[in-house]
Amino acid sequence: MPLNITGLKPVNTSKSRMKVLIYGEPGSGKTRLASTIADQGAKTLFLDFVGEHGTASFAGAPYHENIDVYQVDTVEALDKVYYFLKAGKHDYDALVVDSLTAMQNYAERFAQGFQETSIKEISRGTQSQSSFQVWGKSNMVMTEVAKFFSDLASPTSVRPIDVVFIAHATAKNNDISGEVERTIAVQSGARAGILAAMDFVLFTEVIPNMEGDPEVDPSQHIVRFGAHPGYVTKARVPQDKLGKVPPILGLKSPLSLTKLGGALGIISKANTAKNTKK
């Protein structure tokens, strides 16, 4: 007998979409990997923050026409995008946000009352050191953006979509083990909330070429998936897929998010094919 309680509603978890955070050093393939969410025909909204410009990494790709790129200038604009997508009256199948690290600067300036993309306050010498109150407000903006946008992948959404975030990498001491580990380059106060909102956290990396001809291509791009000592990664793998995805992806051939999602049973041809018929 179903629960008939105000504030509760049943959730069909089989309709969940991908919620993934990709992070790594510059040039490690973050944006290119994020763009592959569109490689099976999914119409994708790509939000590019000032200072990123990683879209060149997928220019000319066979699927680039499936991606609409918009530059984000303000936190208020980001808020409007969220409500636009939440209403479900659109034809997008996926969202990419590039990047959380760049958005942190927006959040800090927004919390201080400065224009997010103006340097006038800096040139006038009026920008003060962030107070604890400003730090807390910017943390809240970062955490809530990750939470609310990732909820667009929930089966309870009017039109569930795949949601992909990008971030830069940094190194920090683990508070428990004391060991140095790589993690996402955002404010420490927002980091836990952002990571909690994701189903998958992937680390992109460039390593010496182990498979091909090192004379032709001396390096290759890989992706760390699942648990790795020294790296903050995460994988909520369905029970029936446990042990079926290797911990390092991209060794044999370049990784695609749609291939990964398909292997995990999250992204199906039914999810991505509808726009190719239009």
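Okay, so let's go over this structure. Keep in mind that this is a model prediction, so the values were computed, not measured.

Okay, the pattern of salt bridges next. Within the structure shown, the criterion is met by 8 salt bridges. Residue Lys 19 is joined to Asp 199 by a salt bridge in which the shortest nitrogen-to-oxygen separation is 4.0 Å. Of this pair, Lys 19 sits in strand 1 (residues 19-24) while Asp 199 sits in the loop between helix 6 (188-196) and strand 7 (200-208), and the two are 180 residues apart along the sequence. Both residues of the pair, Lys 19 and Asp 199, count as buried. With a closest N to O distance of 2.8 Å, Arg 224 and Glu 205 form a salt bridge. Of this pair, Arg 224 sits in strand 8 (residues 219-224) while Glu 205 sits in strand 7, placing them 19 residues apart in sequence.

If you look at the biggest cluster of nonpolar residues, it comprises 42 residues, and the most contacted ones within it are Leu 21, Tyr 23, Leu 85, Leu 95, Leu 100, Phe 149 and Ile 194. The residues contacting Leu 95, other than those within four sequence positions of it, are Thr 44, Leu 45, Leu 47, Leu 85, Phe 149, Leu 152, Ile 161, Asp 162, Val 163 and Val 164.

Take the packing of aromatic side chains next. Scanning the model with the defined rule gives 8 aromatic pairs in all. Centre to centre, the rings of Tyr 23 and Phe 203 are 5.0 Å apart; their planes meet at 65 degrees, and the pair counts as edge-to-face. Of this pair, Tyr 23 sits in strand 1 while Phe 203 sits in strand 7, and the two are 180 residues apart along the sequence. There is no split in this pair, since Tyr 23 and Phe 203 are both buried. For the pair Tyr 82 and Tyr 83, a centre-to-centre distance of 5.0 Å together with 70 degrees between the ring planes defines the contact as edge-to-face. On the basis of relative accessible area, Tyr 82 is assigned to the buried category, the value being 9%. Counting every residue linked through ring pairs, the aromatic cluster contains Tyr 82, Tyr 83, Phe 148 and Phe 149. Positioned above the aromatic ring of Tyr 92 is the side chain of Lys 43, whose terminal nitrogen or guanidinium carbon lies 5.1 Å from the ring centre. Sitting above the plane of the Phe 148 ring, Lys 147 keeps its charged end 4.7 Å from the centroid.

Parameters and conventions
Residues numbered from 1 in each chain as written. Predicted model: local features only at pLDDT ≥ 70, side-chain atom pairs only at ≥ 80, totals over all residues. Heavy atoms only, no water. Salt bridge = Lys/Arg side-chain N within 4 Å of Asp/Glu carboxyl O. Helix = DSSP H or I, 4+ residues; strand = E, 2+ residues; numbered from the N terminus. Buried < 20%, exposed > 50% of the residue type's maximum accessible area, 1.4 Å probe, protein only. Core = buried A, V, L, I, M, F, W, Y, C linked by side-chain atoms within 4.5 Å. Contact = heavy atoms within 4.5 Å. Phe/Tyr/Trp six-rings, centres within 6.5 Å; stacked < 30°, edge-to-face > 60°. Lys NZ or Arg CZ within 6 Å of the ring centre and 35° of its normal.

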